[in-house]
Amino acid sequence: MLGIAERLDTAVTTATATPQLEVPITLDEAYQVQAAVLGRRYQRGEKRIGLKMGFTSRAKMVQMGVEGMIWGRLTDRMLVEDGGDIAFETYVHPRVEPEIAFILKAPLTGSVTPAAALAAVGGVAPALEIIDSRYKDFKFSLTDVVADNSSSSSFVVGAWNDPAQDISNLGMILEIDGVARQIGSSAAILGHPLRSLVAAARLAEEAGEPLQAGSVVMAGGATAAEALAPGQHVRLVVQNLGRVEFNVK
């Protein structure tokens, strides 16, 4: 497992594609590799600040050819300022997807109800996740992608909004250079983004890394992801929540 973790960590730090995993591993082992990869990054000074959910919409499952949710870890160095820039050459196969983000004002652990999850939320925001599989040709199995931190690479969060408002079916428009490329709804995220937060609380607890106050949770893509290219301006507009954007340099 440590050899795989080292290879994937090198792929991230050098922005170099790596072959798919040659030796079959279980899903539990894939999460062990993911933890080992992030452990190396923590040793270099990164700090864990939250969790991202993956494959929370049917569109993403179909696009990636998998079934079931996955999750990955978020660190402070993955956060991109709203309106800021990312450097294309620091990624392997960068793609972007529209999401909803939560920030917690209280710990949220174990099996919780949607009402309990909402009570722990301090804010909700429009968000963009830049996913980047480090595998050659953007091809991977379920365990491959989980080991690779579920393709999580960077994320951008817009202004935080009052979490008391209804976010169950908000219109979402992902634009690249002013042209709508994906149009969807927050309802595509497990029928309601709060369900993703409920799942995140359970999964984080099972991993021994329970969500704490201040944790950011990315609820998962509401649509299929769009490939990125240098020179692009990317913007997401979410009904009632506002917008979030970044540039690709």
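This text goes with the structure placed above it.
All of these numbers come straight from a predicted model, not from anything done at the bench.

> Looking at this model, I keep getting lost on the pairing of strand β5 (residues 95–104). Mind explaining?
Put simply, side chains in a regular strand alternate between the two faces of the sheet. With eight of ten residues buried, β5 lies mostly within the body of the structure. Sheet analysis places β5 next to strand β6 (residues 121–131), joined by ten bridges and oriented antiparallel. The residue of β6 that forms the bridge with E97 is E129. Sheet topology places β5 next to strand β11 (residues 226–227); two bridges connect them, and they run antiparallel. The partner of V96 across the bridge, within β11, is E226. Summarising the sheet, β5 and strand β10 (residues 216–218) pair through three bridges and their orientation is antiparallel. By the bridge assignment for β10, I103 is matched with V216.

> Explanation requested: unusual backbone geometry in the structure shown.
Excluding glycine, residues mostly have negative phi values, and the peptide bonds linking residues are mostly trans. Positive phi values are uncommon outside glycine, yet S150 reaches one of about 50°. On the basis of relative accessibility, which here comes to 4%, the residue S150 falls in the buried class. A positive phi angle is found at S151, which is not glycine, with a value near 65°. Relative to the helices and strands, S151 is located in the loop between α5 (142–147) and β7 (152–157). Classification of S151 by relative accessible area gives buried; the value is 5%.

> Looking at this structure, how should I read empty space enclosed by the protein?
With the rule as written, the count across this model stands at three cavities of 30 Å³ or more. The volume enclosed by the second largest cavity comes to roughly 50 Å³. Looking at the second largest cavity, the residues that line it are R48, G50, L51, W71, G72, R73, A204, E209 and L211. When residues of the lining of the second largest cavity are traced back to their parent elements, those giving at least two are β1 (48–54) and β2 (70–75). In terms of residue class, the lining of the second largest cavity is built from four nonpolar, two polar and three charged.

> Help me understand the sheet that holds strand β13 (residues 242–248) in this model?
The five strands lie next to each other as β4-β13-β12-β8-β9, forming an open sheet whose pairing is mixed. A strand with exactly one partner marks an edge of an open sheet, and here the two such strands are β4 (85–86) and β9 (179–185). Across two bridges, β4 lies against β13 in parallel orientation. Residue pairing in the sheet places D85 in a bridge with N247 of β13.

Basis of the calculations
Residues numbered from 1 in each chain as written. Predicted model: local features only at pLDDT ≥ 70, side-chain atom pairs only at ≥ 80, totals over all residues. Heavy atoms only, no water. Buried < 20%, exposed > 50% of the residue type's maximum accessible area, 1.4 Å probe, protein only. Helix = DSSP H or I, 4+ residues; strand = E, 2+ residues; numbered from the N terminus. Pairing = 2+ DSSP bridges. 1 Å grid on protein atoms, 1.4 Å probe; cavity = no way out; pocket = protein on both sides within 12 Å on 5 of 7 lines; lining within 4 Å. Points joined across faces, edges and corners; volume = space filled by probe spheres on them. Nonpolar A, V, L, I, M, F, W, Y, C, P; charged D, E, K, R; others polar.

So, to be careful, I would describe these as geometric facts and stop short of saying anything about function.
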